[in-house]
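A structural walkthrough
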Amino acid sequence: MQKIGVCGNGLMGSGIAQVAATSGYDVVVLEADQAALDRGMKRIRQSLDKFVEKGALQAAQRDEALAKLRPTTQLEDLKASDLVIEAIVENMPAKKDLFQRLDALLAPHAIICSNTSSLCVIEMAAVTKRPKQIAGLHFFNPVPIMKLVEVVKTIVTSQATIDTLFAVAAKLGKKPILAQDTPGFIVNRLLVPYLLYAIRMYESGLASKEDIDEGMKLGCGHPMGPLTLLDFVGLDTTYFIAEIMFDEFKDPLMAPPPLLKRMVLAGQHGRKSGKGFYDYEKA
Ligand code: 3HC
């Protein structure tokens, strides 16, 4: 594994590309349009600068990492990748289309992974001719900071693929854990019902949003309270994950509360939209 391709240069894709380049891989990062590609590259530069300011990275290491990144809008530029990590929109038809095109483009040894947080990985694998070399590789936001990666094994992923991904995750400086191909994997299966319950608590008037957040921060040592974390992750993203989890498990704890749906419909998606449970001044 020397060359990594990353599809999608959004919040997750840019974080993955950054970590891969910082870890010494040659990285090609693909976006559909130039403006989105540039936004992702700007995010990477800002994040690397932060590490340099903190003294966690030398300026020369930042420059080396940037030199290892090749941004592109052409899928063909991923051709030489040993591993491609897909981090595009959470939309199954779009992912299946991309997996099919990657399968036709890449060398036979290449592995293709999805950073999906909830969609069924085997459904993506099934459109390729290399299902044993397809897995999930689920990172956490903010990717350059969070130490975990979930390696998701479908019912047909080979052990060799899983072993390779564990080794790659370790080289990326992450702790890999093994998850099965079920909605929410390990972390979101626990986290999402907790976040939804915090919304229900707020919605029912049981406590103020500030008290709910302070409670979990100071009482349990969480870095962020649940409503702040919802704003951070994105209310639209959480709603989407909850719907998929509820659809699969029919567990009422996974059902999106009415307030969440209404906030999403109102465009209150959290930090990225400038408003969620809290107000954020847009940069
Ligand atoms: N790049 C570089 N540095 C970054 C960064 C980035 N993208 N984001 C944050 N940092 C750095 C800051 O510079 C700061 O450094 P310092 O401590 O040396 O000054 C440090 O991280 C802490 O940042 P802040 O002071 O801004 O704020 P916090 O202390 O609150 O930390 C946080 C921010 C790391 C995001 C922390 O609040 C946290 O861990 N929150 C929980 C995040 C979480 O739970 N993520 C998982 C979400 S679920 C998910 O992703 C799954 C998906 O499928 C939904």
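Computed from a predicted structure; not experimentally measured.

A few points about helix H2 (residues 34-54)
End to end, H2 covers 30 Å across 21 residues, agreeing with the expected 30 Å (1.5 Å per residue, within 8%). Among the residues of H2, Ala-36, Leu-37, Gly-40, Met-41, Ile-44, Ser-47, Leu-48 and Phe-51 are the ones counted as buried. For H2, the arc enclosing every buried residue in end-on projection is 135°, short of the 170-degree limit, so these residues lie on one face. Turned more than 90 degrees away from the buried face of H2, the exposed residues are Arg-39, Lys-50 and Glu-53. For H2, the elements touching its buried residues are helix H1 (11-22), strand S2 (26-30), helix H3 (59-67) and strand S3 (69-72). Capping of H2 at its N-terminal end is provided by Asp-33; its side-chain oxygen lies 3.2 Å from the backbone amide nitrogen of Ala-35. Positive phi shows up at Gly-55, right after H2, with a value of about 85°.

Regarding the site of the ligand
Near the ligand, the surroundings consist of 18 residues, among which Ser-47, Lys-54, His-138, Asn-141 and Asn-188 are the closest. Within the side chain of Ser-47, an N or O atom sits 2.6 Å from a nitrogen atom of the ligand. Of all elements in the fold, only H2, helix H7 (187-203) and helix H9 (226-233) reach the threshold of two or more residues within the shell around the ligand. At 4 residues, the largest contribution of residues to the shell around the ligand is made by H2. Looking at the shell around the ligand residue by residue, the classes come out as 11 nonpolar, 5 polar and 2 charged. Taken together, domain 1 (3-180) and domain 2 (192-273) each give at least three residues to the shell around the ligand, which thus spans both.

What to know about the environment of Leu-119
Position of Leu-119 among the secondary structure elements: in the loop between strand S5 (111-114) and helix H5 (121-125). With relative accessibility at 10%, the residue Leu-119 sits in the buried group. Separated by 66 residues in sequence, Leu-119 and Phe-185 place their C-alpha atoms 9.8 Å apart. Ignoring any residue separated from it by four or fewer positions in sequence, one finds Leu-119 in contact with Glu-90, Asn-91, Met-92, Lys-95, Met-124, Asp-181, Phe-185, Phe-240 and Ile-244.

A short note on the domain arrangement of the protein chain
For the protein chain, the assigned domains read domain 1 (3-180) and domain 2 (192-273). Each of domain 1 and domain 2 was reduced to a C-alpha centroid, and the two centroids are 27 Å apart. Contact with domain 1, which involves 6 residues of that partner, is made by 4 residues of domain 2. A buried area of about 480 Å², summed over both sides, lies between domain 1 and domain 2, and 70% of it is on carbon and sulfur atoms. At the surface where domain 1 touches domain 2, the tally comes to 0 salt bridges. Applying the counting criterion to the domain 1 and domain 2 interface returns 0 residue pairs in polar contact (both at pLDDT 80 or more).

Rules of the game
Residues numbered from 1 in each chain as written. Predicted model: local features only at pLDDT ≥ 70, side-chain atom pairs only at ≥ 80, totals over all residues. Heavy atoms only, no water. Helix = DSSP H or I, 4+ residues; strand = E, 2+ residues; numbered from the N terminus. Expected span 1.5 Å × (residues − 1). Buried < 20%, exposed > 50% of the residue type's maximum accessible area, 1.4 Å probe, protein only. Arc of directions from axis to C-beta. Contact = heavy atoms within 4.5 Å. Polar contact = N/O pair within 3.5 Å; in protein donor to acceptor, adjacent residues only side chain to side chain. Near = heavy atom within 4 Å. Nonpolar A, V, L, I, M, F, W, Y, C, P; charged D, E, K, R; others polar. Domains from an automatic or database assignment. Buried area = accessible area lost by both parts, 1.4 Å probe. Salt bridge = Lys/Arg side-chain N within 4 Å of Asp/Glu carboxyl O.

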